[in-house]
Amino acid sequence: MALPIFLPCAAGVEALLAEEVQRVLPAVRVHAARGGVSLEGHPLEVMTLNLECRLTQRVLIEVAEGPYRDENDLYELGRSVDWTQWITPAHTLRVDTTARRSPLKSLNFAALRIKDAVCDATRDTTGERPNVDTRAPDLQLVLHLGPERAALYVDSSGEPLFKRGWRDDKGDAPLKETLAAAMLAAAGWRGTPEAGGALHDPCCGSGTIAIEAAQIACGIAPGLKRRFAFERLLPFATPEMRAQWQRLKSHAQSRIHASEVPIVASDVSFRMVDFARRNAQRAGVEAAISFHGGDALERPAPALPSELPGTLMLNPPYGERIDVAGKAARPSAEDRDTPDDFFPRLAAHWKRAYTQHPAGWTAYVLSPDMKLPGAMRLKEARRTPMWNGPIECRLFRFDLVAGSMR
């Protein structure tokens, strides 16, 4: 029987995630909802989504849902699940809770009642109860409380999916890989000459945007270098499911190819360029990216074939993300503050360096400043709402053309 699956994502990314899931699972009906995407699937779909999806934060399997008024109702909700289908008493568990307008006073007590339900149900069936492990549990449960209804999910991912398994070196405010992928998806950048062309991040920091782009261009599945919680759960532990998981990974490995387009990453901080290069090596894409030091206000545009368009993609620093005290006033996307005149100077540099290319460049800038186009004296072609954690941002698109650039 198919189970309900929910894929949470950053606000503003729901439609992009729905499109991605439809590409990954063409035969499945997908519904965009507030804060994510819902669908129905079996263990094979769960494994595929964890391996292939770049935009979702987790793959959650709904195991119970219903009305509630108090913690006793939550206990009964937890007891309604046959947990022996998921774990043995030797497994460990943890319960996390989220809420939206819940009438309950203590989310910790709500989580405790779900834990009690799982342990009591397992003990009644097997004579033993599982233990709690808050650090590395085998079974991760997510309880979501609405105003009147509650839903209980098995988290099949474990660590959030933005942790691709390659980032060891990072700056002070690293961009999450899922958000970098969302920026690329919103730009329609697919790593081909026809869909986005070349890519340049002139404020690359530890390399998140360039590495995510290179993996897309090389056909590397985002989950290929990490482990998942579902690998320890009973529905996925049968010989048949393990064989299917190996086939999925082998197929993903066989799709890897050389990038068709140039990808360039540069930063004023040589320390960050070194971080980015080491991260790219772990991600398997070092050969696909050209790394350079250099100020974003001075570095010339990458040389491209006349027929190949280019995409500038940058997440410049802003004060909400970074404590700027004592930092130098030259830009680096992940560990420096931005001087007041940075954006006007950047626009002027773009006009000099990027508007002469016959196939054109398109720039995308993620910023919480709704007045950024005015500061740059540019007219944006589009602005896409996106959230960088708790920070409401816009992804501004600027078409760099000769003349006024307005």
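Bear in mind the structure is a predicted one, so any value in this text is a computation, not a measurement.

Caption draft 1: Structural detail: the sheet that holds strand β1 (residues 3-8). Ordered by their spatial adjacency, eight strands build an open sheet running β2-β3-β1-β4-β8-β7-β5-β6, and the pairing between neighbours is mixed. The open sheet has two edge strands with one neighbour each: β2 (31-33) and β6 (131-132). Of the strand pairs in this sheet, β1 and strand β4 (residues 60-67) are connected by two bridges, and their pairing is antiparallel. Looking across to β4, one finds that phenylalanine 6 is bridged to leucine 60. Along the sheet face, helix α1 (residues 14-24) touches β1, β2 and β3 (36-41) and points at about 30 degrees away from the line of β3. In this fold helix α2 (residues 43-52) packs onto β1, β3 and β4, with an angle of close to 10 degrees to the strand it touches most, β1.

Caption draft 2: Inspection of the side chain of histidine 200 at higher detail. As for its position among the elements, histidine 200 is in strand β9 (residues 198-201). There is a polar contact of 3.0 Å between the side chain of histidine 200 and the side chain of serine 266. In contact with histidine 200, other than residues within four places in its own chain, are Val264, Ala265, Ser266, Pro302, Thr311, Leu312, Met313, Tyr354 and Trp361.

Caption draft 3: Main features of the pattern of salt bridges. Tallied over the full model, the rule gives 20 salt bridges. Of the charged contacts, one joins lysine 115 and aspartate 116 as a salt bridge, the two residues approaching to 3.1 Å between their closest N and O atoms. Considered together, lysine 115 and aspartate 116 belong to a single accessibility category, that of buried residues. The closest approach of N and O atoms between aspartate 168 and arginine 282, which form a salt bridge, is 3.6 Å. Taken together, the residues aspartate 168 in the loop between β8 (149-155) and α5 (177-186) and arginine 282 in helix α8 (residues 270-283) connect sequence positions 114 residues apart. For aspartate 168, a relative accessible area of 57% gives the class exposed. Each of Arg54, Arg164 and Glu212 takes part in a single network of salt bridges with overlapping partners.

Parameters and conventions
- Residues numbered from 1 in each chain as written.
- Predicted model: local features only at pLDDT ≥ 70, side-chain atom pairs only at ≥ 80, totals over all residues.
- Heavy atoms only, no water.
- Pairing = 2+ DSSP bridges.
- Helix = DSSP H or I, 4+ residues; strand = E, 2+ residues; numbered from the N terminus.
- Contact = heavy atoms within 4.5 Å.
- Axes fitted to C-alpha atoms, helices over the stretch in contact; angles between N-to-C directions.
- Polar contact = N/O pair within 3.5 Å; in protein donor to acceptor, adjacent residues only side chain to side chain.
- Salt bridge = Lys/Arg side-chain N within 4 Å of Asp/Glu carboxyl O.
- Buried < 20%, exposed > 50% of the residue type's maximum accessible area, 1.4 Å probe, protein only.

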